[in-house]
Amino acid sequence: MKKIALLALAALITVPVFAQEEAWDGLVYASPNDVVRFEVLSSVGYGYHIVNTQDFRSNASSEYFLNLMSLGLYPIDAIGFELGLDLMFNNFGSRTHAFTLNQERKVQATDFSQFEVGTLDRHRGDFNIFSLNAPLVVKFRAGEFWIGGGAVASLNLLGSTNYYYRQDYRTVEVTERRAKLNTFTYGLVATLGYNGFGAYFKYYPKTSRLLPAGSVDMSYMTIGFVFDY
């Protein structure tokens, strides 16, 4: 999981750096007076998950996303609508529990203390989800400042679990793929920013869960930041 997360983070950092050096402009189309704008690869972001669960102790759970395309409609200068499509990587981690898949491919959590391997030097578990997210946000603009709110729908594509432990200078790592997911989920989002840098908050109601019944039971919220370039 660490390798995947580092690659995802490197990609999110590299794109804006390249954009600055090469004067990147993701604008594909803009109508007169910018009433309609269509852009590609216009932003990247990072969020920290606040997880509520009795099944494991969350540690450093987060999301990374890259905007693939964005359509903006601003009938008046101060108020507009933006619909995006983002590639999202979600990671949920724990220092106390290993994550595995049962026979139904559902995510399970097992306390490392139940492993019959003696005292472990180091251990961590993760489950990871790749999604396509489509946020629809109403934005209010005043010069370079903006504030907005709306909803986000997610198409959850791929899921996997991973855990590792280290004992006596030997590392054991186990990865399982094709985790069972709820295909569609949704949430509410609020955002504000200034001059290309913004912060956001996402809330996922109890009626919208990433994992189906029989998996680890959890709910979560996310706070993060986004950089437009």
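Before reading on, note that the structure itself is shown above.
What you see as residue numbers is a count from 1 along each chain, following the sequence as written. It should be noted that, the model being predicted, local features are given only for residues of pLDDT at least 70 and side-chain atom pairs only at 80 or more, the latter also being counted only at that level, while totals for whole chains, interfaces and linings use all residues. Derived side-chain values reflect all non-hydrogen atoms in the structure, with water molecules and hydrogen atoms excluded from consideration.

### Structural notes on the pairing of strand β8 (residues 122-142)
Next, step 1: Both strand β5 (residues 79-94) and β8 contribute to a ladder of 14 bridges, which runs antiparallel. When the sheet's bridge partners are listed, Gly 93 is paired in β8 with Asp 126.
Next, step 2: As defined by bridge partners, β8 adjoins strand β9 (residues 145-167) across 21 bridges and the pair is classed as antiparallel. Looking at β9, one finds that Val 138 is bridged to Gly 149.
Next, step 3: Any two strands with at least two DSSP bridges between them are considered paired. Secondary structure follows DSSP: runs of H or I at least 4 residues long count as helices, runs of E at least 2 residues long count as strands, and numbering of each begins at the N terminus. Remark: two residues form the turn of the hairpin made by β8 and β9, two consecutive strands paired antiparallel; Gly 143 in that turn has positive phi of roughly 65 degrees.

### Describing unusual backbone geometry
Next, step 1: Backbone geometry at Asp 34 places phi at a positive 55 degrees, although glycine is not the residue there.
Next, step 2: Assignment of secondary structure puts Asp 34 in the loop between β1 (27-30) and β2 (36-40).
Next, step 3: Remark: exposure states derive from per-residue accessible area (1.4 Å probe, protein chains only) relative to the maximum for the residue type, with buried under 20%, exposed over 50%, and partly exposed in between. Look at Asp 34 and you get partly exposed, because its relative accessible area is 34%.
Next, step 4: One non-glycine residue with positive phi stands out, namely Asn 195, at about 55 degrees.
Next, step 5: Mapped onto the fold, Asn 195 is located in the loop between β11 (184-194) and β12 (197-203).
Next, step 6: For Asn 195, a relative accessible area of 52% gives the class exposed.

### Describing the environment of Ala 60
Next, step 1: Along the polypeptide, Ala 60 turns up in the loop between β3 (43-53) and β4 (62-76).
Next, step 2: Apart from the residues lying within four places of it in its own chain, the contact partners of Ala 60 are Tyr 48, Asn 91 and Arg 124. Every residue pair with non-hydrogen atoms within 4.5 Å of one another is taken to be in contact.

### Some words on the side chain of Ser 154
Next, step 1: Within the fold, Ser 154 resides in strand β9.
Next, step 2: We classify Ser 154 as buried; its relative accessible area is 6%.
Next, step 3: A distance of 2.9 Å separates a polar atom in the side chain of Ser 154 from a polar atom in the side chain of Asn 133.
Next, step 4: Those residues in contact with Ser 154 that sit more than four places away from it in its chain are Leu 132, Asn 133, Thr 183, Phe 184 and Thr 185. Within 3.5 Å is the distance limit for a polar contact, defined as a pair of N or O atoms, with the added protein rule that one can donate a hydrogen and the other accept it, and that residues adjacent in sequence qualify only through two side-chain atoms.

### Side note on the pairing of β12
Next, step 1: Of the two faces of β12, only one is covered, namely that formed by Gly 198, Tyr 200 and Lys 202; the face formed by Phe 197, Ala 199, Phe 201 and Tyr 203 stays uncovered.
Next, step 2: From the end of β11 to the start of β12, which pair antiparallel, there are two residues, and Asn 195 there has a positive phi angle of about 55 degrees.
Next, step 3: Pairing between β12 and strand β13 (residues 218-228): seven bridges, direction antiparallel. Residue Ala 199 lies in a different strand from β13, and its bridge partner there is Phe 225.

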